[in-house]
Amino acid sequence: MTGAAGFIGSHLVDRLLERGCTVLGVDNMKLGRRANLAHALENKRFKFVELDVNDAPIFLRTVRQQSHDKPFDITWHMAANSDIRAGVADAEVDLRDTFMTTFNVLKVMRELKIPQIAFASTSAIYGMHDKKLIEDLGPLFPISNYGAMKLASEACISAALEAYLQRAWIFRFPNVVGSRSTHGVIYDFVQKLKANPNELEVLGDGTQEKPYFHVTDLLDAMLFIVERATEKLSFFNIGTAETVTTVRYIAEAVVKQMSPAAAIRYTGGNRGWVGDVPKFNYSIQKLKRLGWSPRLTSQAAVDRAVEEIVAEAVR
Ligand SMILES: NC(=O)c1ccc[n+]([C@@H]2O[C@H](COP(=O)([O-])OP(=O)(O)OC[C@H]3O[C@@H](n4cnc5c(N)ncnc54)[C@H](O)[C@@H]3O)[C@@H](O)[C@H]2O)c1
């Protein structure tokens, strides 16, 4: 697994180990934290190596060494730049960490004959659309470099399937929340309140609304898809779909939990930052037809994540 020490990757490592898998995790620790892997590192079936996936020779050598007695059967590719705003300010960031990581992962998979990939894509590939976001919507014009480089990664995976890969699962999901977050709106608000417990500045007018999805539901959905979707190339939207939460709700929930006397100051406008898709209508009908539905509504996911992230911050 690439990006193994990050937010989603580290939860996924725990889940795969619980299922009896042997896992090699790599991460360059740009956003990843060793603490996220504290539990996994106690397990003999887990090996962690700190490296940059874009240091191709070192990455290849490491995977080759670790797969000496037993070849890997799947790569979970979770590494990427997860800070969309950083990629808007400097396009190189997403070229390197969102696209080139995929390119180099595929190269190593070809060399070592790893047959299957499970890839964390994003709802950001869809860009701005009035239409319901269904998987076969097009043409796709992302509005962030992050979305563009994820879409390019999907395209490279599709091409690799023609040449040497046996199977790929692509997961497109929006804002995931939960413990061990390394970024995202709840995490940002908590960090801001930690720095200034008297005031929370919120970009936009607070009316931006999106579906938020708890990491436990995401893991269930990804594993469900890998077990049930048997096509050579499977691609699914994953999310809470029908329910959404406003930024205002999230700001108030974080303030209530962390610093009840703090004032909330909105900067105004209905777009938080360039590259942000303020409202979207996400469909998970395809996933529902496969037999999976989320357990938590967007609001329940936010409530749970606010508790978890505030508890981690004040620990
Ligand atoms: N969290 C979300 O809301 C969300 C939504 C859609 C898609 N995703 C995707 O899911 C995946 C996991 O996201 P996350 O939220 O856990 O983010 P994260 O930043 O916590 O995890 C990504 C990890 O990848 C590592 N990484 C980045 N570049 C690397 C490189 N060149 N070599 C080795 N490691 C590298 C980082 O250090 C980090 O630990 C990412 O691909 C992300 O784009 C996340």
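Residues numbered from 1 in each chain as written. Predicted model: local features only at pLDDT ≥ 70, side-chain atom pairs only at ≥ 80, totals over all residues. Heavy atoms only, no water.

Enquirer: Looking at this model, I keep getting lost on the overall build of the protein. Mind explaining?
Expert: Scanning the protein from terminus to terminus reveals ten helices and twelve strands. A globule of 315 residues ought to have a C-alpha radius of gyration of about 20 Å, and the protein, at 19 Å, matches this closely. Viewed in the frame of its principal axes, the protein has a C-alpha envelope of about 60 × 45 × 40 Å. Counting the 315 residues in the protein, one finds 51% classified as buried. Across the protein, the fraction of contacts at a sequence separation of at least 24, relative to all contacts at a separation of at least 6, is 80%. Element-wise, carbon and sulfur atoms account for 51% of the exposed surface of the protein, whose accessible area totals about 14400 Å². (Helix = DSSP H or I, 4+ residues; strand = E, 2+ residues; numbered from the N terminus. Rg over C-alpha atoms; globule rule 2.2 N^0.38 Å. Buried < 20%, exposed > 50% of the residue type's maximum accessible area, 1.4 Å probe, protein only. Contact = heavy atoms within 4.5 Å. Areas by Shrake-Rupley, 256 points an atom, 1.4 Å probe, with all protein chains shown as cover.)

Enquirer: What's the story with the sheet that holds strand β5 (residues 167–173) in this structure? I'm lost.
Expert: Strand pairing in a sheet relies on backbone hydrogen bonds. The paired strands run either parallel or antiparallel. As summarised here, the arrangement of the four strands in space is β3-β4-β5-β10, forming an open sheet in which the pairing is parallel. Whereas interior strands pair on both sides, the edge strands pair on one side only; in this sheet they are β3 (74–77) and β10 (233–237). Strand after strand, the sheet turns through a mean of 15 degrees between neighbouring axes, direction not considered. (Pairing = 2+ DSSP bridges. Axes fitted to C-alpha atoms, helices over the stretch in contact; angles between N-to-C directions.)

Enquirer: How should the site of the ligand be read in this particular structure?
Expert: Close to the ligand lie 32 residues; Ile 8, Asp 27, Ser 82, Tyr 146 and Thr 182 are nearest. Interatomic distance of 3.0 Å between a backbone N/O atom of Gly 32 and an oxygen atom of the ligand. One of the backbone N or O atoms of Met 78 is found 2.9 Å from an oxygen atom in the ligand. Coverage of the ligand by the protein amounts to 97% of the 820 Å² it exposes when considered alone. (Near = heavy atom within 4 Å. Polar contact = N/O pair within 3.5 Å; in protein donor to acceptor, adjacent residues only side chain to side chain.)

Enquirer: Before we go on, may I ask you to explain the layout of surface pockets in this structure?
Expert: Over the atoms, a rolling probe the size of a water molecule traces out where space has been left empty. Of the voids in this model, the second largest pocket is the one considered here, and its volume is about 730 Å³. What lines the second largest pocket is a set of 32 residues, among which Thr 22, Val 23, Phe 72, Asp 73 and Ile 74 lie closest to the centre. The set of elements that each furnish at least two residues to the lining of the second largest pocket consists of β1 (23–27), β2 (46–50), α2 (56–66), β3, α4 (91–112) and α7 (215–228). The class makeup of the residues in the lining of the second largest pocket is 19 nonpolar, five polar and eight charged. (1 Å grid on protein atoms, 1.4 Å probe; cavity = no way out; pocket = protein on both sides within 12 Å on 5 of 7 lines; lining within 4 Å. Points joined across faces, edges and corners; volume = space filled by probe spheres on them. Nonpolar A, V, L, I, M, F, W, Y, C, P; charged D, E, K, R; others polar.)

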